[in-house]
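A look at the structure
The lines below spell out each chain.
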Amino acid sequence: MDFQKLLLQAEKGLKEEDVQALAFLCRELLSYHSASVNSAKELFTELQLQGYLSAEKPHLLTELLLLIQQRSLIRDLNFQPSLTTNLISPFRKMLYNLSVDIDAQDLRSMKFLLYRSLPRMNLDKMSTLEVFLEMEKMDKLSANNLTELENLIKTVCPVLQETIKKYKESQVNYRCPVPEVAGPPRDQRWPVEQNQSSMNSNNTSIDHAGEEHGEGNYEDLPCRLRALTTQGTGSEVQPTSDTTSVKTDPQASLNTSDEGDIETYSMDAEKRGFCLIINNYDFKLTKFLRQREGTNIDESCLEKVFQWLGFEVLIEHDCSADRMLSLIQGLSTMDHSKMDCLVCCVLSHGLEKAVYGVDGSTVTLEELKQPLNASRCRSLAGKPKLFFIQACQGTKEQTPVCVQNDGPIKGSLMHDARKMKQSIPSDADFLLALASVPLYVSFRDKERGTWFIQSLCQNLIKMVPRKCDLMSILTKVNADVSQKTDHTGTKKQMPQPAFSLRKKVIFPVPQRDPPKLPNV
């Protein structure tokens, strides 16, 4: 039977309390807070996106169904009860087992004892698992902090103390697993329009916060979970562990020529690295941000160019702020030890040193960078981490020295910005290539993409074969974009790279012919 049909059959066999239990057990595996899971379908979809569940790897579902005593459903699905993954943390299993043995009277007693220490709103309606989650949120419970839980159980139901004791005895050598990257085939991409020769038209817009004149359709944003998939080889990324061998010797990640020359980051791995493209188009959930027409062109060009450069391209559409953070966190858990670098492209509305999610919430550039620094992602230590941010950095327009910018104005230009005081990160080996200088808008042509991204893609294609370093390429991008203007000749844009790179970034010359892109 088709695996998706098996999942549908499993959904039909699960009650609401079963789904709550499964989400609780999977909390460490999900890219967002398990309390937001509303259905078995949503849970299974997220587990598939994270690479934990597939037709080839159904064992996690088997393990979950065993834990909640759904043996008849396992039999109906023809799963093998002996095939499990041990992906669920013992901490989650212990708490779930406690919840099964805590009856209604015990739960009322627990809530009474917690009345002063937990938020009172909805406390009376919480299940045992929800109480445990609230305790975790208030930092009163964790895998290494069981004191308050032990005091509760000792008072309410002393017989369950043995469950906690056995858990503590078993935790000496346990390590939480790290996900593999897998997923269903990517959905169809919009095509790039060819034979476009000029950005200087009246078909441009801005990508920043503001009201859209003449539009009043603000429907709820539909569920847009997309698969993080790889293109080309189809091979999975192996999990990391504390024993992963990572080259941290400063000399291990460079190429040098003559003494005194600027060193160059190593670019000789079998795989260049991951390139994550976050493309936020649909902002109908908000009342102050509009659709980013033309962003599909940027996505397609970036995908083609970075595949050409040897990257595994991962694309995610219409992300909330939390989803963007979850994606970056997911990248930080991957094993990059056999790769040269990392690229992240964010196409969205923005404000000063921050970008918008489609829910109207913001993520600062510091928050995007932080999970990938050397202390949090060991396998990227000493390797370049390159961010290309197509979003406004403010609401001001540079005149006469602005075609569609990223934010709202009348006409065909659009921009993406609001002011926020947050410093650009200075950790080593980072590049933040911003579409505009702080406080100013950037522009996007509705038919040809943004000035910044289109110039970046074109110059990568032209200058990588000449063995130019990335900062020289970005300098050329600065020069090209600074010369652009709209049909009125009054709007200008100035990109700005900010970096803490210690060496040159020089991409190896690809053996394949470069992709064909529209003229800009």
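Everything discussed here concerns the structure shown above.
Summarised in this report is the structure supplied together with it. Only a predicted model underlies this, so the values are computations on that prediction, with no experimental measurement involved.

Let us now look at the overall build of the protein. Broken down by element type, the protein carries 15 helices and 15 strands. Residue burial in the protein is summarised as follows: out of 520 residues, 54% are buried. For the protein, the exposed surface amounts to about 23700 Å²; the carbon and sulfur share of it is 47%.

Attention now goes to the packing of helix α2 (residues 16–25) against helix α8 (residues 128–137). In contact at an axis separation of 10 Å, α2 and α8 are set at 30 degrees when each is read in the N-to-C sense. On the basis of their axis angle, the class for α2 and α8 is roughly parallel. Regarding α2 and α8, the two cross each other, and that crossing is left-handed. Residue-level contacts link Gln20, Ala21 and Phe24 of α2 to Leu129, Glu130, Phe132, Leu133 and Glu136 of α8. Here the residues of the contact of α2 with α8 are counted per class, giving 5 nonpolar, 1 polar and 2 charged.

With that out of the way, let us pick up the pattern of salt bridges. Here the structure, examined in full by the defined rule, presents 13 salt bridges. A salt bridge links Glu136 to Arg92, with the nearest nitrogen and oxygen atoms 2.6 Å apart. Of this pair, Glu136 sits in helix α8 while Arg92 sits in helix α6 (residues 90–101), placing them 44 residues apart in sequence. For the pair Glu136 and Arg92, one class covers both residues: buried. The residue Glu312 makes a salt bridge to Lys271 at a minimum N-O spacing of 3.5 Å.

For Lys5, the location among the structural elements is in helix α1 (residues 3–12). Separated by 72 residues in the primary sequence, Lys5 and Leu77 have C-alpha atoms spaced 10.0 Å apart.

The next thing to look at is the environment of Phe3. On the secondary structure map, Phe3 appears in helix α1. Placed 51 residues apart in sequence, Phe3 and Ser54 show a C-alpha to C-alpha distance of 7.5 Å.

Burial of strand β10 (residues 385–390) is extensive: 6 of the 6 residues sit out of reach of the surface. What you see with β10 is no split at all: Lys385, Phe387 and Ile389 on one side and Leu386, Phe388 and Gln390 on the other are buried throughout. Here strand β6 (residues 339–347) pairs with β10 via 6 bridges, running parallel. When the bridges of β10 are listed, Val346 appears paired with Ile389. In terms of strand pairing, β10 meets strand β12 (residues 430–434) through 5 bridges, oriented parallel. What sits directly across from Ile389, in β12, is Leu434.

Okay, the sheet that holds strand β4 (residues 271–279) next. In a beta sheet, neighbouring strands pair by backbone hydrogen bonds and run either parallel or antiparallel. If you walk across this open sheet you meet the 6 strands as β5-β4-β6-β10-β12-β15, and the pairing is mixed. Of all strands in the sheet, those bounded by a partner on one side alone are β5 (311–317) and β15 (496–499). Shown here is a sheet whose adjacent strand axes are inclined to one another by a mean of 15 degrees, direction ignored. Packing against the sheet, helix α14 (residues 451–463) makes contact with β6, β10 and β12, and its axis sits at approximately 140 degrees to β10.

Okay, helix α12 (residues 321–333) next. Over its 13 residues, α12 extends 19 Å from the first C-alpha to the last, a length consistent with the 18 Å expected when each residue adds 1.5 Å. Those residues of α12 lying buried are Ala321, Arg323, Met324, Ser326, Leu327, Ile328, Leu331 and Ser332.

Another aspect to go through is the nonpolar core. Generally speaking, nonpolar side chains in soluble globular proteins are found buried as a group. Formed by 60 residues in total, the largest nonpolar core has its most connected members in Leu47, Phe132 and Leu149. Top contributing element to this core by residue count: α2, with 6 residues. In contact with Leu47, not counting residues within four places along its chain, are Cys26, Leu29, Leu30, Tyr52, Leu53, Leu60 and Leu64. Judged by nonpolar contacts, the second largest core, of 44 residues, contains Leu302, Phe443, Val464 and Leu470.

Tallied over the entire structure, the rule returns 0 disulfides. There is no disulfide at Cys319, and the cysteine sulfur nearest it, in Cys344, is 9.8 Å away. The exposure class assigned to Cys319 is buried, which follows from its relative accessible area of 1%. Cys344 forms no disulfide, and the closest cysteine sulfur to it belongs to Cys345, at a distance of 6.7 Å. Exposure remark for Cys344: the relative accessible area of 0% places this residue in the buried category.

Owing to its 3.6 residues per turn, the α-helix brings residues three or four apart onto one side. Its 13 residues give α14 an end-to-end C-alpha distance of 18 Å, which sits within 8% of 18 Å, the value for a rise of 1.5 Å per residue. Extensive coverage of α14 is indicated by the burial of 12 of its 13 residues. By the burial criterion, the buried members of α14 are Trp451, Phe452, Ile453, Gln454, Ser455, Leu456, Cys457, Gln458, Asn459, Leu460, Ile461 and Met463.

Time to look at the packing of aromatic side chains. How two aromatic rings sit relative to each other is given by the distance of their centres and the angle of their planes. As enumerated under the stated definition, the model contains 7 aromatic pairs in all. When the centroid spacing of 6.2 Å and the interplanar angle of 50 degrees are considered together, the rings of Phe91 and Tyr167 count as tilted. With Phe91 in helix α6 and Tyr167 in helix α10 (residues 161–170), this pair connects stretches of sequence that are 76 residues apart. Looking at Phe91, the relative accessible area reads 4%, which means it is buried. The class of Tyr167 is buried, set by a relative accessible area of 6%.

The next subject is the sheet that holds strand β7 (residues 350–351). With respect to topology, 3 strands assemble into an open sheet ordered β7-β8-β9, the strand pairing being antiparallel. Only two strands of the sheet have a single partner each, and these edge strands are β7 and β9 (362–364). Sheet topology note: the β7/strand β8 (residues 354–356) ladder contains 2 bridges and is antiparallel. From the neighbouring strand, Gly350 faces β8, where its bridge partner is Val355. Packing of α12 onto the sheet brings it into contact with β8 and β9, and relative to β9 it is tilted by some 35 degrees.

Now for the pairing of β4. When a strand is regular, its side chains alternate between the sheet's two faces. Burial analysis of β4 places 9 of its 9 residues in the buried class, which makes it a mostly covered element. One crossover worth recording links β4 to the parallel β5 by way of helix α11 (residues 295–308), and it is right-handed.

Calculation rules
Residues numbered from 1 in each chain as written. Predicted model: local features only at pLDDT ≥ 70, side-chain atom pairs only at ≥ 80, totals over all residues. Heavy atoms only, no water. Helix = DSSP H or I, 4+ residues; strand = E, 2+ residues; numbered from the N terminus. Buried < 20%, exposed > 50% of the residue type's maximum accessible area, 1.4 Å probe, protein only. Areas by Shrake-Rupley, 256 points an atom, 1.4 Å probe, with all protein chains shown as cover. Axes fitted to C-alpha atoms, helices over the stretch in contact; angles between N-to-C directions. Parallel < 35°, antiparallel > 145°, perpendicular 65-115°, else oblique. Left-handed = near helix turned anticlockwise from the far one by under 90°. Contact = heavy atoms within 4.5 Å. Nonpolar A, V, L, I, M, F, W, Y, C, P; charged D, E, K, R; others polar. Salt bridge = Lys/Arg side-chain N within 4 Å of Asp/Glu carboxyl O. Pairing = 2+ DSSP bridges. Expected span 1.5 Å × (residues − 1). Core = buried A, V, L, I, M, F, W, Y, C linked by side-chain atoms within 4.5 Å. Disulfide = S-S within 2.5 Å. Phe/Tyr/Trp six-rings, centres within 6.5 Å; stacked < 30°, edge-to-face > 60°. Right-handed = clockwise from strand over helix to strand, strands pointing away.

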